[in-house]
Amino acid sequence: MNTLSHGLSWIDLGFLGRSNVIAAVIVQGPGGVAIVDPGPTTCLATLEEALQAHGIRWNDVRHILLTHIHLDHAGAAGTIVREHPHISVLVHERGAKHMIDPSRLLDSATRVYGDQMDRLWGEFAAVPEANIVLLSGGETIQAGGRAFAVAYTPGHAAHHVSYFDPSSGVALVGDVAGVCTSHGYVLPPTPPPDIDLDVWHESVDRILAWSPSTLFLTHFGPVTRVRPHLAELLDNLTQVANVVRESLPGPASDDEKSEQFADWLRQQLRRRMTDAEVDTYVVAAGFKYLWYGLARYWRTRA
Ligand SMILES: [Zn+2]
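For every chain, the first residue of the written sequence is number 1, and numbering continues from 1 onward in sequence order. Only residues with pLDDT of at least 70 get local features here, since the model is predicted, and only at 80 or more are side-chain atom pairs given and counted; chain-wide, interface and lining totals rely on the full set of residues. Where side-chain values are given, they derive from all heavy atoms of the structure, hydrogens and water being excluded.

### Some points on the environment of Leu290
Each helix is a run of DSSP H or I of at least 4 residues and each strand a run of E of at least 2, with the numbering of both proceeding from the N terminus. Residue position: Leu290 is located in helix α11 (residues 287-301). Exposure classes here rest on a 1.4 Å probe applied to the protein chains alone. A residue is buried below 20% of its type maximum, exposed above 50%, and partly exposed in between. We classify Leu290 as buried; its relative accessible area is 2%. Leu290 sits 243 residues away from Leu47 along the chain, and the two C-alpha atoms are 28 Å apart. Beyond its immediate sequence surroundings of up to four residues, Leu290 is in contact with Leu187, Pro189, Thr190, Pro191, Phe261, Leu265 and Ala285. Whether two residues touch is decided by their heavy atoms; if any such pair falls within 4.5 Å, the residues are in contact.

### Section: unusual backbone geometry
Along the chain, Pro192 connects to Pro193 via a cis peptide bond; the corresponding omega equals 5°. Mapped onto the fold, Pro193 is located in the loop between β11 (170-172) and α7 (197-209). The omega torsion of the bond from His219 to Phe220 falls at 10°, within 30 degrees of zero and hence cis. Relative to the helices and strands, Phe220 is located in the loop between β12 (214-217) and β13 (221-223). The backbone of Leu16 shows a phi angle near 55°, a positive value even though the residue is not glycine. With respect to the secondary-structure elements, Leu16 resides in the loop between β2 (8-12) and β3 (23-29). Positive phi values are uncommon outside glycine, yet Asp37 reaches one of about 50°.

### A few points about the side chain of Asp37
Mapped onto the elements of the fold, Asp37 is located in the loop between β4 (32-36) and α1 (44-53). Positive: Lys, Arg. Negative: Asp, Glu. His and the chain ends are not part of the count. Basic side-chain nitrogens of Lys or Arg form a salt bridge, by our definition, when they fall within 4 Å of a carboxyl oxygen of Asp or Glu. Among buried Asp, Glu, Lys and Arg side chains, Asp37 stands out as unpaired, with Arg146 the closest opposite charge at 16 Å. Excluding residues within four positions of it along the chain, Asp37 makes contact with Ala23, Ala24, Leu65, Leu66, Thr67, His68, His73, Gly174 and Thr218.

### A short note on the coordination of the zinc ion
Only N, O and S atoms count as donors, using a 2.8 Å cut-off from the metal and 3.2 Å for Na, K and Ca, and because water is excluded some sites may appear unfinished. Each protein donor to the zinc ion is listed here as His68 (NE2), His70 (ND1), His156 (NE2) and Asp175 (OD); together their distances run 2.1 to 2.3 Å. Labels for metal geometry use angle windows, namely 85 to 135 degrees for all angles of a four-donor tetrahedral site, and for square planar (four donors) or octahedral (six donors) sites opposite donors over 155 degrees apart plus all others within 65 to 115; sites meeting none of these are irregular. In this structure, the zinc ion is coordinated by four donor atoms arranged in irregular fashion, with angles at the metal of 89 to 174°. Counting gaps between the donor residues of the zinc ion yields the pattern H-x1-H-x85-H-x18-D. Of this pair, His70 sits in the loop between β5 (61-65) and α2 (71-74) while Asp175 is found in the loop between β11 and α7, placing the two residues 105 residues apart along the sequence.

### Observations regarding the sheet that holds strand β9 (residues 146-152)
Read across the sheet, six strands follow the order β8-β9-β10-β11-β12-β13 without closing on themselves; strand pairing throughout is mixed. With partners counted over all chains shown, the strands left at the sheet margins are β8 (140-143) and β13, one partner each. Each strand of the sheet is rotated relative to its neighbour by a mean of 30°, with strand direction disregarded. Relative to β12, β11 runs parallel, the two being bridged by three bridges. Bridge pairing links Ala171 to Leu215 in β12. At least two bridges found by DSSP between two strands is the condition for calling them paired. Note on method: axes are straight lines fitted to C-alpha atoms, helices fitted across the in-contact stretch only, with angles between N-to-C directions ranging 0 to 180 degrees.

### Observations regarding helix α9 (residues 254-270)
Each residue after the first adds 1.5 Å to the expected span of a helix. With 17 residues, α9 should cover 24 Å at 1.5 Å per step; its first-to-last C-alpha distance of 24 Å lies within 8% of that length. Its buried side turned inward, α9 meets α8 (226-247), α10 (275-285) and α11.

### A look at the pairing of strand β1 (residues 2-5)
Inspection of the sheet shows β1 paired to β2 by three bridges, in the antiparallel sense. Its bridge partner lying in β2, Asn2 is registered against Trp10. Linking two consecutive strands that pair antiparallel, namely β1 and β2, is a turn of two residues; a positive phi of about 80° is found at Gly7 within it.

### Examining the pairing of strand β6 (residues 88-92)
For β6, the tally of buried residues reaches four of five residues, placing the bulk of the element in the interior. Note: β5 against β6, three bridges, orientation parallel. Bridged to His63 within β6 is Ser88. As paired strands, β6 and strand β7 (residues 132-135) are joined by four bridges and run parallel to one another. Bridge pairing in β7 places Leu90 opposite Val133.

Structure, rendered in structure tokens:
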């Protein structure tokens, strides 16, 4: 485990045997342990090993805090709760119904990932309604022996929240502050169906209003250059959104446009980093789907 601050640590979940793709945060304090975004079930063994290695038993874990319900963040929650039914799962009210009954979420994920669902994500079990704690943003919650402020931070997902620990200055921001590995490019993850540029800007303002000293990104890790990071995120969001918008009228099929966009993005990254680092971004952000999220945004507005 890597320490962010006293009682606040993170681990690399080793997604698909790779490092720097998906991280989970562990919060430890007198009130017990909380896990922020436990990751997919395919990484659950790694999460369990890390907990064990640090003397944490599942009995100590009281809360799972979800930033949002995408499979790479929330996939293991139901499996964990089935084995350890004393654990509560905190999730935004717009995402809760899909944790209680994931069938629609899994149908749409299956349309995207097809026969790769099991290999990538593994089981996505339902969370019993009794274990769910609804968040709307604006509240303060107690977890892992401390108080977290909760903000509603849509843009990447309509049910996305972020958590701020004023005692350490760390903001746990899921995907809304982008994907950034190796201090490289700040990539806005834009999969369908919820991408919304205006509310994404508002979410960044909400995070900045906390004046955090550190952002913790699920993909990947702590960022201490908070303002330049978020400024680059919004600049890049504007750029990629414009590239997608300009591609819309062309004669190619959506699949071809999506491929062309992914190629363009890979070229942007290759200027700044090694091919291995580019591959990490491709796995973390799912390049094939980024065009579709922005295309849907523009088409819905038009
Ligand atoms: Zn996500």
